[in-house]
Amino acid sequence: MSNKPFTIIRFLKNIGIMAGIFTVLLLFFFYIYLPNTTNHNETITVPDLVGTSFDNIDGLLTNRSLRYEVVVDSGYSEKFDPEVILSQNPRAGAKVKENRKIYLTLNANVPPQVRMPNLINTDLLNAEDILSSNGLKRGEITYVPDLRVNAVIKQQLDGEDITPGTMLYKGSTIDLIIGNGVGVETFAIPDFIGRTLDEAKFQIQDAGLKLDMINYIPVDSVPANTIYKQLPPVGTMVRKNRIIELWVSGTKPEEKEENEDK
């Protein structure tokens, strides 16, 4: 045992020696030992696997001394075939160590199902956004007479109405029936009976109707050139361009006179 008396200078000197030894050991561990045991300067570039068939993955990774694991929850994209890589982690181009595990997400064999949203009475632009956010596509647009301008009247798949909440495959195409804001204009058929043919023609044109057929039959109780029967009957609710048929008392005019009448 040393009989040298304890001094602060001797104590600090010993501490300095110990700190120096520790520093040397630390530098040796990080800059010599660790790089040699972990291949610090040797890295592998992760290949781009997205869009590659799963059947080809084993060779692409094992040849590069990499491992892989398929993520349980597969995704789906209609852009790729089933069993194709949708995403990878680490990403393509990343530098990793040998034997690093690459996590893969596969494209599902069957599209996932989504619920059909309720688009009724929704304006067209909003309906398109809702379809897109639910993984559905907008199909054909058909405008029909309805006072609800540019609003969805019906939502259909393959010509059949789709009830909100119905489970559909993601990517299904939904056709929309849209209101044109005009509505269905109907009105009662005017009374042509007792009028002359010229008066009836003017009234039919003014009402937006079409005269289809004129039947000339002499009737003793009805003055000549007077309407005594019509189809549709008086008061029938019809739309514009409805065909009208009239019965006129008398004989059919000669061709020349008929042409002049027109």
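Look up a bit, the structure's there.
My aim in this report is to walk through the structure given alongside it, one point at a time. Sequence positions are assigned chain by chain, starting from 1 and proceeding in written order. For a predicted model such as this one, the threshold for reporting local features is a pLDDT of at least 70, and the threshold for listing and counting side-chain atom pairs is 80 or more; totals across whole chains, interfaces and linings nevertheless cover every residue. Only heavy atoms go into the side-chain values, all of them from the structure, while hydrogens and water stay out.

Some words on the sheet that holds strand 7 (residues 137-144)
Hydrogen bonding along the main chain pairs the strands of a sheet, whether they run parallel or antiparallel.
Here is step 1: In this analysis, strands are considered paired if DSSP registers two or more bridges between them. Only DSSP runs of H or I covering at least 4 residues are called helices, and only runs of E covering at least 2 are called strands; the numbering of each starts at the N terminus. If you trace the four strands from one edge of the open sheet to the other, you get 7-11-8-9, paired in mixed fashion. Each end of this open sheet is capped by a strand with a single partner; those strands are strand 7 and strand 9 (160-161).
Here is step 2: Two strands pair when backbone bridges link them, and strand 8 (residues 152-157) and strand 11 (residues 173-179) are joined in this way by four bridges, in the antiparallel orientation. Within strand 11, the position partnered with Gln155 by the bridge is Leu176.
Here is step 3: Residue contacts are defined here by distance: any two heavy atoms, one from each residue, within 4.5 Å place the two residues in contact. Structural elements are reduced to axes, namely lines fitted to C-alpha atoms, with helices fitted over the stretch in contact, and the angle between N-to-C directions of any two is expressed from 0 to 180 degrees. Relative to strand 7, helix 3 (residues 124-133) is tilted by about 155°, and along the sheet it contacts strand 7, strand 8 and strand 11.

A word on the sheet that holds strand 5 (residues 101-106)
Here is step 1: Taken together, three strands build an open sheet; the order of strands is 2-5-3 and the sheet is mixed. On the outer flanks of this sheet lie strand 2 (67-70) and strand 3 (85-89), each paired with one strand and no other. Geometrically, the sheet is characterised by an average inter-axis angle of 30° between neighbouring strands, direction not taken into account.
Here is step 2: In this structure, strand 2 lies alongside strand 5, joined through four bridges in parallel fashion. Across the sheet, Glu69 pairs through a bridge with Tyr103, a residue of strand 5.

Concerning the nonpolar core
Here is step 1: Met116, Leu119, Leu131, Ile174 and Leu176 are the most contacted members of the largest nonpolar core, which totals 14 residues.
Here is step 2: Mapped by element, the contributors of at least two residues to this core are helix 3, strand 8 and strand 11. In plain words, nonpolar cores are sets of buried Ala, Val, Leu, Ile, Met, Phe, Trp, Tyr and Cys residues tied together by side-chain atoms within 4.5 Å. To sort residues, take the accessible area from a 1.4 Å probe on protein chains only and compare it with the maximum for the residue type: under 20% means buried, over 50% means exposed, and anything in between is partly exposed.

Describing unusual backbone geometry
Here is step 1: The omega torsion of the bond from Asn89 to Pro90 falls at 5°, within 30 degrees of zero and hence cis.
Here is step 2: Here Pro90 shows up in the loop between strand 3 and strand 4 (95-96).
Here is step 3: Residue Pro232 is bonded to the preceding Leu231 through a cis peptide linkage, with omega at -5°.
Here is step 4: Considering the arrangement of structural elements, one finds Pro232 in the loop between strand 14 (227-231) and strand 15 (237-239).

Section: helix 4 (residues 197-206)
Here is step 1: Taken residue by residue, helix 4 has Leu197, Ala200 and Ile204 as its buried positions. Along the axis of helix 4, the buried positions cluster into a sector of 60°, meaning they face one direction only. Among the exposed residues of helix 4, those oriented more than 90 degrees off its buried face are Phe202, Gln205 and Asp206.
Here is step 2: In this structure, the buried side of helix 4 is in contact with strand 13 (210-216), strand 14 and strand 16 (243-248).
Here is step 3: Note on helix 4: the residue one or two positions beyond its end, Gly208, has a positive phi of about 80°. By arc we mean the arc of the directions from the helix axis to the C-beta atoms, nothing more.

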